Amino acid sequence: MKRRILLVDDEVAVLLTLKAVLEISGFDVDTAASAREGKSKLRTHEYDMVITDMRMESESAGEEVIAAARAAAYQPAIALLTAFPVNDESWQECGADKLLVKPMQTRVLLQQIEQLFVSHQAKRAAADAALAAVKPAAPTAAAARSNGAAAPVKKAATKKAAAKKLPAKAAARKPVATAAAPVKVAKKSAKAAAKRASAKR
């Protein structure tokens, strides 16, 4: 699969020359002749790399393209292309990953672009690894029990135990009731016999 590059430059001659050089080298190249057009394409397409000029319709136009590229979810590598001397702090503060100074020999340009692809992929891999390391691990069985996950099991066990104990209690009460009944009948019979005996006298 070809790597896609977006070139943003208001100098048509530079744009077409770079496009031809990169396409011959196996890249899929899209172009934009202004920062506005570049930002629009960044929103509607996905690119592996963005190469933008600094000064176009305004002196900060390149910074706007870089900011839009930084905001893109697909996270492209970003190179700042300029014919003007720029110190390291300036272009790094803009958010660019690489500074390309024009005019540049084709061989040197391609080498720098390849180096940028490699370093950007390594940076993304490191960021993904760091993100994976801080993700919360799945809760252990002990943690689940401490969080109350085992409570329903305990409740169910308690209900079963109660159901087993209930018949035993009921059975324990029955003999008491049935044993008391004959005693009452015997007392009534004794009283009746006493009355009959006194009547005869």
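The structure presented is a predicted model; accordingly, all values stated were derived computationally and were not measured.

Basis of the calculations
Within each chain, residues carry numbers counting from 1 in the order of the written sequence. In keeping with the predicted nature of the model, local features appear solely for residues at pLDDT of at least 70, side-chain atom pairs appear and are counted solely at 80 or more, and the whole-chain, interface and lining totals rest on all residues. Excluding hydrogens and water, the side-chain figures rest on all heavy atoms present in the structure. In this analysis a 1.4 Å probe is tested at points of a 1 Å grid over the protein atoms alone, and where it fits but cannot get out there is a cavity; an open set with protein on both sides within 12 Å along at least five of seven lines is a pocket; lining residues have an atom within 4 Å of a point. Grid points are joined across faces, edges and corners, and a volume is the space filled by probe spheres set on the points. Where helices and strands are cited, they refer to DSSP runs of H or I of at least four residues and of E of at least two residues respectively, numbered from the N terminus. Two strands form a pair only when DSSP identifies at least two bridges running between them. Convention adopted: a line fitted to C-alpha atoms gives each axis, helices being fitted over their contacting stretch, and angles between N-to-C directions are expressed from 0 to 180 degrees.

**Student:** What am I meant to see in the layout of surface pockets here?
**Tutor:** Picture a little ball the size of a water molecule; that probe, rolled over the atoms, points out where space is still empty. Of the pockets and cavities examined, the largest pocket occupies roughly 180 Å³. In terms of lining, the largest pocket is formed by Val 14, Thr 17, Leu 18, Val 21, Leu 81, Val 101, Lys 102, Pro 103, Met 104, Thr 106 and Leu 109. Mapped by element, the contributors of at least two residues to the lining of the largest pocket are α1 (12-24) and α5 (106-134). In terms of residue count, the dominant contributor to the lining of the largest pocket is α1 (4 residues).

**Student:** Got a minute to help me understand the environment of Ser 58 in this structure?
**Tutor:** Take Ser 58: it is sitting in the loop between β3 (49-53) and α3 (61-71). For Ser 58 and Ser 34, which are 24 residues apart along the polypeptide, the C-alpha to C-alpha distance reads 9.7 Å.

**Student:** I keep staring at the sheet that holds strand β1 (residues 4-8) and nothing clicks. Help me out?
**Tutor:** The strands that make up a sheet are held in pairs by hydrogen bonds between backbone atoms, and each pair lies either parallel or antiparallel. Taken together, 5 strands build an open sheet; the order of strands is β2-β1-β3-β4-β5 and the sheet is parallel. The two strands at the open ends of the sheet, each matched to only one other strand, are β2 (28-32) and β5 (98-101). Each neighbouring strand pair of the sheet contributes to a mean axis angle of 20°, computed without reference to strand direction. Of the strand pairs in this sheet, β3 and strand β4 (residues 77-82) are connected by 5 bridges, and their pairing is parallel. Considered in β4, the bridge of Ile 51 is made with Ala 79.

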